[in-house]
Amino acid sequence: MATFNYTVDTHPMADEISSVSNHINGTTTAVVAMQTAVVLAEKKAADHVCDNVNKGFYTLIHSQISQKIAKLRSEVDSHLMQLNQQKKQLLAIKSRMERDYNMISSRYMKLFSGLNQNLKQRVLELDRPTFDFADKEVGRVSNRTKYLTATVPVSQLESLALSQKIIASNVKFRGMKVICSMTNFLSDMNEQKKLTDSILLQKSSAVENSTLSVPVVISECNFDKFDNKIVDVIVSRVQLNQQTQSAVKNTVNQNVENLQWQPTKDIDKEVKSEFSKILSDSPSSQRVKDMANKLFMANNFQTIKNEQL
């Protein structure tokens, strides 16, 4: 049997396998690098997605919070404006109440002051002799020793007659003052009796009722921008005492809302004449007078027709 021996060179195959091994190693490196890159890209993508999600969430929360803040701020601003408006109205009411209180207090102060003065005068007139005696005569009687002439216990015969004449003269003077005081007292009593008789009504005299027409000026003005009005009543002081004036003012104030005002086309001649007189006597400049006259002529007047209170 024949035997054949062959020698096969494996170097090319080893070289090829070596090159394949190198390529495999390069592929492995590339795969590892790609895997690393993929992991890094996935991480970056995940971080990007998380950042965007977080940013979107915070943006959404910030937007909702901003909307709530804007809504609440608008509500607070509206409430603040309402409170400011109410504050202005309350201040206006307070100012009007203070003005009304001062007006009413001054009116009643004048009324009670006039009543006190009138009553004081009446009491003084009723008891004039008593008051004169208490104010004048009691003081004179208490200080009578100061008005008496003092005599020296020891005196010469020549000056004794002169001293007696001085004492007699002083006694006569005091007696004359006593007589004058009594005369004044009786005269005052007589005048007081006549005054009392003239004031008191006689039983037999008949009392007649009469009607007296009193002119009244009603002034209405706005004292603030909220169209709040104040009414002032002016009464004539001629032949009217303080109590009567206050009664007329109270009656007009109670019925001022029920008065029917009618417009008047022409200004009354007496009113125009009185205004021209006041304007001519005013020390203001001619420009102010012309403007006042222009406003007076352009004003609309209203009068009360056939009204009695």
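Reading the values: rules and limits
- Residues numbered from 1 in each chain as written.
- Predicted model: local features only at pLDDT ≥ 70, side-chain atom pairs only at ≥ 80, totals over all residues.
- Heavy atoms only, no water.
- Helix = DSSP H or I, 4+ residues; strand = E, 2+ residues; numbered from the N terminus.
- Buried < 20%, exposed > 50% of the residue type's maximum accessible area, 1.4 Å probe, protein only.
- Areas by Shrake-Rupley, 256 points an atom, 1.4 Å probe, with all protein chains shown as cover.
- Expected span 1.5 Å × (residues − 1).
- Core = buried A, V, L, I, M, F, W, Y, C linked by side-chain atoms within 4.5 Å.
- Contact = heavy atoms within 4.5 Å.
- Axes fitted to C-alpha atoms, helices over the stretch in contact; angles between N-to-C directions.
- Parallel < 35°, antiparallel > 145°, perpendicular 65-115°, else oblique.
- Left-handed = near helix turned anticlockwise from the far one by under 90°.
- Nonpolar A, V, L, I, M, F, W, Y, C, P; charged D, E, K, R; others polar.
- Phe/Tyr/Trp six-rings, centres within 6.5 Å; stacked < 30°, edge-to-face > 60°.
- Patch = residues over 30% accessible without salt bridge, like charges linked within 9 Å, V, L, I, M, F, W, Y side chains within 5 Å.
- Salt bridge = Lys/Arg side-chain N within 4 Å of Asp/Glu carboxyl O.
- pLDDT = per-residue confidence, 0-100.

Q: What should I look at first to understand the overall build of the protein chain in this one?
A: Within the protein chain, the regular secondary structure consists of 7 helices and 4 strands. Across the 309 residues in the protein chain, those meeting the buried criterion constitute 7%. A total of about 27100 Å² of accessible surface is found on the protein chain, and carbon and sulfur atoms cover 58% of it.

Q: For this particular structure, what's the right way to read helix 1 (residues 11–126)?
A: Along an α-helix, a turn takes 3.6 residues, which lines up residues three or four apart on a common side. With 116 residues, helix 1 should reach 172 Å at 1.5 Å per residue; the first-to-last C-alpha distance of 164 Å fits that figure. The complete set of buried residues in helix 1 reads Ala92, Arg107 and Leu111.

Q: Looking at this model, I keep getting lost on the nonpolar core. Mind explaining?
A: Side chains of nonpolar character tend, in soluble globular proteins, to be buried together. Ranked by size, the top nonpolar core spans 5 residues in total: Val233, Val235, Leu240, Val248 and Val252. Contributions of two or more residues to this core are made by strand 2 (229–235) and helix 5 (242–255). Discounting residues that sit within four places of it in the chain, Val248 has contacts with Val216 and Val235.

Q: Even after reading the chapter, I still don't get the packing of helix 6 (residues 269–281) against helix 7 (residues 286–298), so can you show me in this structure?
A: Remark: helix 6 packs on helix 7, axes separated minimally by 11 Å, with the N-to-C direction vectors making an angle of 165 degrees. As summarised for this structure, helix 6 and helix 7 are arranged roughly antiparallel, according to the angle between their axes. Helix 6 and helix 7 meet at a crossing whose hand is right-handed. Here Val271, Lys272, Phe275, Leu279 and Ser280 of helix 6 lie close against helix 7, whose contacting residues are Lys289, Ala292, Asn293, Phe296 and Met297. A per-class count over the contact of helix 6 with helix 7 returns 6 nonpolar, 2 polar and 2 charged.

Q: Please clarify how the packing of aromatic side chains should be interpreted in this entry.
A: The geometry of an aromatic ring pair is captured by two quantities: the separation of the ring centres and the angle between the planes. For the coordinates displayed, the defined rule picks out 3 aromatic pairs. Ring geometry for Phe275 against Phe296: centres 4.0 Å apart, planes inclined by 15 degrees, an arrangement best described as stacked. Placement of the pair is Phe275 in helix 6 and Phe296 in helix 7, with a sequence separation of 21 residues.

Q: Got a minute to help me understand the side chain of Gln192 in this structure?
A: Within the secondary structure, Gln192 sits in helix 4 (residues 157–199). In this structure Gln192 comes out as buried when scored by relative accessible area, which is 13%. Here Gln192 is in contact with Glu125 and Leu126, once residues within four sequence places are set aside.

Q: Even after reading the chapter, I still don't get a nonpolar patch on the surface, so can you show me in this structure?
A: Together, Val31, Met34 and Val38 make up an exposed nonpolar region whose accessible area comes to about 250 Å². Here Val31 shows up in helix 1. Of the residues examined, Val31 reaches a relative accessible area of 39% and is grouped as partly exposed.

Q: How should the side chain of Gln245 be read in this particular structure?
A: By the secondary structure assignment, Gln245 is in helix 5. In this view, Gln245 contacts Val235, Ser236, Arg237 and Leu240; residues no more than four positions away in its chain are not counted.

Q: Quick question: what am I supposed to make of the confidence of the model for the protein chain here?
A: If pLDDT is low for a region, its predicted coordinates should not be looked at in detail. Looking at the protein chain as a whole, the pLDDT averages 79, with 85% of positions reaching at least 70. No element of the protein chain has a lower mean pLDDT than helix 3 (residues 144–147), at 60, and none a higher one than helix 1, at 86.

Q: Looking at this structure, how should I read the packing of helix 1 against helix 5?
A: Two quantities define a packed helix pair, namely the angle between the helix axes and the distance between the axes. The N-to-C vectors of helix 1 and helix 5 enclose an angle of 150 degrees; their axes lie 9 Å apart at closest approach. The angle between the axes of helix 1 and helix 5 places the two elements in the roughly antiparallel class. The crossing of helix 1 and helix 5 is left-handed. For the pair formed by helix 1 and helix 5, the contact residues are Arg107, Lys110, Leu111 and Leu115 on the first element and Gln242, Gln243, Ser246, Asn250 and Asn253 on the second. The residue inventory of the contact of helix 1 with helix 5, partitioned by class, reads 2 nonpolar, 5 polar and 2 charged.

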